[in-house]
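Okay, here's what each chain looks like letter by letter:
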Amino acid sequence: MLLKCRRSKAALMDLPLQEKTFIMAKKLIGLVAGIAVIGSAATLFAQEGIKPANVGEGRLMVNGKNYPLKNASAYETTVDGEEGIAVVLSGPTISSEKLNAARKSEKAGEIPDFRKPYVKLEFTKAGEFKGWGAGAGDISLGRHTSNATGELRLQDGRAIGKANQPNETEGMFPSGLDVRFDVPLLRAGESLPPSKKPGPAANVKPSVTGVFKGNSKDAKLTNVSAHWREPFGDKPSIVLVFTEKDHSKDKKPDFNAGFGKFGSALVVSLHEDGDIFGCEVAHSALKHQNFSSIGKIQTNNFEYADGKVQGELTTDGPADVFGESWEVNVKFVAPLGEIPKEFQPAASKEPEQDATDKPATTNLSEKDTTEPAEDELNVKDLALTKDASDIEYQELVEYVFFKSKANVKSVSAELAANLKVQGWTKEGSDLVTPSSSILKRKRGDAELTIFVNPENGGSKVKMLTNGLDWDEE
């Protein structure tokens, strides 16, 4: 919220205490406007006796870009082998399912997967600040302290505090943050109830407002619908269809929208918590029609509850694809009932899956067969395609980039086969189309998320790695 006019001192005295506190805090923040990252959490600490709402506010700055953080959660965890507290501030809503899954991952010694942009602060039980990590866009920052400061106090079952780091210009990714929080503390052993509320579709009128641009030219998205689709990654999945023309009577709107049947269109596939895994763009001002672009788009304040989905879709500015640009920033609401049986994920069969994966290790090289698959693999030994070129290893973020002369489907198939021989097993279902693919693989404690996209008649590959050895051999 921004102040739009100056108030006289007399007018200020007539305001309620909470609003005066807000205005004075805003003035104080203005005194430090020279800092690259400025938080906006003036209303966080309510007066004694007033129950505050769940509040998490502030900003993360990465690579010269500001990311607002509007949601927060706090939970007991392990920090450096001791009991501690983690506070996560996020742009997207942090669902009960996402938080429960993150805590489960941490307990198993894995890195939790929060939706970007986010900041994770770590404290001891006594309130000592141990450091912070973050994720924004396609960048992930591991935990560090540098010149950051943080405070935490526990009061009436709530975690209250703040953290700050002025923008640092050194390193590959300049970063900084300024955040505040006042949220309930989830104790170890406690779990949150499901955040979604299944049931019949709500009696709400679909609506969409905002901007959808191609090469800076706007297209008016006036129609939106939400539908269940086949599971992705063994999780329930939703497809949102945005179009210029009415598609409400079409039996396959997500398919036909991509071919321009309803004018310019945007088709987004995502999970119930708003985590996007597919995005098809069709804009009349773009030369390339029906292309995939998932690296930049995200949801904010996404919610599936009470028979409807609502939230915001944004690329946070123009996104470059094939030498052109597209941009979206829309708010929407659409009815969506309970998931049909045919779109419900199959029950997990871990023992059978393990048995299925075992034969994949029989074709390993002599070197690999002498070591169990879960042993730490050096990143330079990671299986790529035979014609991999322009290979780039970014140790700071643990990314691997390379190019291939083959098309997306061929590269995806060769990578899948080579990784299987190396002992990697599939995590969920692969999403492979001519315009893009996403593969997820696991080998012991190591994980890969692979994105394959077309480039100059061939393909470019981006591999997000976790758990590999990055020491020079």
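Our structure's up above, just so we're on the same page.
Reference entry: report on the structure contained in this document. The shown structure was predicted, so the numbers you read here are calculated from the model rather than taken from an experiment. (Residues numbered from 1 in each chain as written. Predicted model: local features only at pLDDT ≥ 70, side-chain atom pairs only at ≥ 80, totals over all residues. Heavy atoms only, no water.)

Structural notes on helix α7 (residues 408–421)
And step 1. Between the first and last C-alpha of α7 there are 20 Å, a value that for 14 residues agrees with the 20 Å anticipated at 1.5 Å per step.
And step 2. Buried within α7 are the following residues: Val408, Val411, Ser412, Leu415 and Leu419. Along the long axis of α7, the arc covered by the buried residues comes to 100°, so they all point the same way.
And step 3. Structurally, α7 contributes buried residues whose contacts are with β23 (399–404), β25 (431–432), β26 (437–443), β27 (446–455) and β28 (458–466).
And step 4. Between the side-chain oxygen of the N-cap and the backbone nitrogen of Lys409 there are 3.3 Å, and the N-cap of α7 in question is Asn407.
And step 5. Gly423 sits one or two positions beyond α7 and adopts a positive phi of about 100°. (Helix = DSSP H or I, 4+ residues; strand = E, 2+ residues; numbered from the N terminus. Expected span 1.5 Å × (residues − 1). Buried < 20%, exposed > 50% of the residue type's maximum accessible area, 1.4 Å probe, protein only. Arc of directions from axis to C-beta. Contact = heavy atoms within 4.5 Å. Polar contact = N/O pair within 3.5 Å; in protein donor to acceptor, adjacent residues only side chain to side chain.)

Comments concerning the nonpolar core
And step 1. If you look at the biggest cluster of nonpolar residues, it comprises 34 residues, and the most contacted ones within it are Phe242, Leu266, Ile297, Val309, Leu313 and Trp326.
And step 2. If you tally residues by element for this core, the top one is strand β21 (residues 324–335), at 5 residues.
And step 3. Each residue touching Leu313, except ones within four places of it in the same chain, is listed here: Phe242, Leu266, Val268, Ile276, Ile297, Gln298, Thr299, Val328, Asn329, Val330 and Phe332.
And step 4. Judged by nonpolar contacts, the second largest core, of 30 residues, contains Ala74, Ala134, Leu141 and Val183. (Core = buried A, V, L, I, M, F, W, Y, C linked by side-chain atoms within 4.5 Å.)

Topic: the packing of aromatic side chains
And step 1. Within this structure, the stated rule accounts for 11 aromatic pairs.
And step 2. With centroids separated by 5.5 Å and ring planes inclined at 85°, the aromatic side chains of Trp228 and Tyr304 adopt a geometry described as edge-to-face. Separated by 76 residues along the polypeptide, Trp228 in strand β13 (residues 223–232) and Tyr304 in strand β18 (residues 298–305) bring together distant segments of the chain. The pair Trp228 / Tyr304 is uniform in exposure class, with both members buried.
And step 3. Aromatic pair Phe242 and Phe332: ring centres 5.5 Å apart, planes at 80°, arrangement edge-to-face. (Phe/Tyr/Trp six-rings, centres within 6.5 Å; stacked < 30°, edge-to-face > 60°.)

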